[in-house]
Amino acid sequence: MIAQDFSFKKIEHMARLVVPYSLMLFLLLLHFVTLPFLPDGFEKPYFILMPLFYWSIYRPSLLPPALCFGVGLAIDVLGGMPPGLNAFMLVLLQWLIKDQRRFLMAQSYGTIWALFTFICFATLTVQWALYGLSNWNWPHFLPVVKSAALTTLIFPFVTWLHIVVHRILPVASKAYH
């Protein structure tokens, strides 16, 4: 029988790692529920883009491409989108943001927010275009603008939650970066 070391330090380490994934799962679930503070028919924010953006910059080891693909595929299947659309976009975004990580870490919050705004509008526009290509029918563009604008407006609040979660995470090993 193999001896297992169940030290408090290891349990605490694992418990701390559960918190960011729980927040990501919560934001993913918000993507599919009706939000009571939004008017009927109003477009919902693209919640999952926020943790993808934050963790790709500040703790990329928490967000492997396989997780991005799985989350994107779940959004596609549960949301009735063409399979692979969100999966492709999330993996591509994670790769692009992670590639520019050193540059982004040196930027002010205002620059990060502006860049998130650009990425959000670009992502939702590309998704709208790809969805239209897959169906040969492009829906109205105004809901895309509303969703991107709302996502951008709530980004600082969700970022604050990510910062709080980031502070309780165990210290990252240099091997993971």
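On a predicted model such as this, the values are computed, not experimentally measured, just so you know.

Enquirer: Lay out the overall build of the protein with the relevant residues and their values.
Expert: Scanning the protein from terminus to terminus reveals seven helices and zero strands. In sequence order, the secondary structure elements of the protein are arranged as α-α-α-α-α-α-α. Taken over 177 residues, the protein has a buried fraction of 35%. For the protein, the proportion of contacts with a sequence separation of at least 24, taken over those separated by at least 6, is 72%. Accessible surface, the protein as shown: approximately 10700 Å² in total, 72% of it carbon and sulfur.

Enquirer: Quick one: what's the story with helix H4 (residues 85–99), residue by residue and with numbers?
Expert: The terminal C-alpha atoms of H4, which comprises 15 residues, lie 21 Å apart, in line with the 21 Å expected from a rise of 1.5 Å per residue. Residues of H4 that are buried include every one of Leu85, Asn86, Ala87, Met89, Leu90, Leu93, Gln94 and Ile97, and no others. For H4, the secondary structure elements touched by its buried residues are helix H2 (49–58), helix H3 (65–79), helix H5 (101–105) and helix H6 (109–135).

Enquirer: I'd like a rundown of the environment of Met105, residues and numbers included.
Expert: Residue placement: Met105 occurs in helix H5. For the pair Met105 and Ile57, spaced 48 residues apart in sequence, the C-alpha separation works out to 6.7 Å. Beyond its immediate chain neighbours, meaning those up to four positions away, Met105 contacts Ile57 and Tyr58.

Enquirer: Please set out the packing of H3 against H4 residue by residue, giving values where relevant.
Expert: Interhelical geometry of H3 versus H4 gives an angle of 150 degrees and a closest axis separation of 7 Å. Taken together, the axes of H3 and H4 lie roughly antiparallel to each other. Read as a crossing pair, H3 and H4 show a hand that is right-handed. Facing H3, whose interface residues are Pro65, Cys68, Phe69, Val71, Gly72, Leu73, Ile75 and Asp76, H4 presents Leu85, Asn86, Ala87, Leu90, Val91 and Gln94. The class makeup of the residues in the contact of H3 with H4 is ten nonpolar, three polar and one charged.

Enquirer: Summarise the packing of H2 against helix H7 (residues 142–168); cite the residues concerned and give the values.
Expert: Closest axis-to-axis distance for the H2/H7 pair is 9 Å, and the angle between their directions is 45 degrees. What the angle tells us is that H2 and H7 run oblique. In this structure, H2 meets H7 at a crossing whose hand is right-handed. Seen from H2, the contacting residues are Met50, Pro51, Phe53, Tyr54, Trp55 and Tyr58; seen from H7, they are Thr151, Ile154, Phe155, Val158, Thr159, His162, Ile163, Val165 and His166.

Enquirer: Give a detailed account of the nonpolar core, specifying residues and quantitative values.
Expert: Formed by 36 residues in total, the largest nonpolar core has its most connected members in Leu52, Phe53, Trp55, Leu90 and Ile97. Elements with a minimum of two residues in this core: helix H1 (8–30), H2, H3, H4, H6 and H7. With seven residues, H2 is the largest single contributor of residues to this core. In this view, Leu52 contacts Leu63, Cys68, Leu90, Leu93, Gln94 and Ile97; residues no more than four positions away in its chain are not counted.

Enquirer: Describe in detail the environment of Cys68, supporting the description with residues and values.
Expert: Considering the arrangement of structural elements, one finds Cys68 in helix H3. Measuring from C-alpha to C-alpha, the distance between Cys68 and Leu92 comes to 9.1 Å, with 24 residues separating the pair along the chain. Setting aside anything within four residues of it in sequence, one finds Cys68 in contact with Leu52, Leu63, Leu90, Val91 and Gln94.

Enquirer: Which residues make up the packing of aromatic side chains, and what values do they have?
Expert: Following the criterion strictly, the structure yields nine aromatic pairs and no others. Relative to Trp138, the ring of Trp136 has its centre 6.2 Å away and its plane inclined at 85 degrees; by these criteria the two rings are edge-to-face. Cluster of aromatic residues (ring-pair linked, three or more members): Phe53, Tyr109, Trp113, Phe116 and Phe155.

Thresholds applied
Residues numbered from 1 in each chain as written. Predicted model: local features only at pLDDT ≥ 70, side-chain atom pairs only at ≥ 80, totals over all residues. Heavy atoms only, no water. Helix = DSSP H or I, 4+ residues; strand = E, 2+ residues; numbered from the N terminus. Buried < 20%, exposed > 50% of the residue type's maximum accessible area, 1.4 Å probe, protein only. Contact = heavy atoms within 4.5 Å. Areas by Shrake-Rupley, 256 points an atom, 1.4 Å probe, with all protein chains shown as cover. Expected span 1.5 Å × (residues − 1). Axes fitted to C-alpha atoms, helices over the stretch in contact; angles between N-to-C directions. Parallel < 35°, antiparallel > 145°, perpendicular 65-115°, else oblique. Left-handed = near helix turned anticlockwise from the far one by under 90°. Nonpolar A, V, L, I, M, F, W, Y, C, P; charged D, E, K, R; others polar. Core = buried A, V, L, I, M, F, W, Y, C linked by side-chain atoms within 4.5 Å. Phe/Tyr/Trp six-rings, centres within 6.5 Å; stacked < 30°, edge-to-face > 60°.

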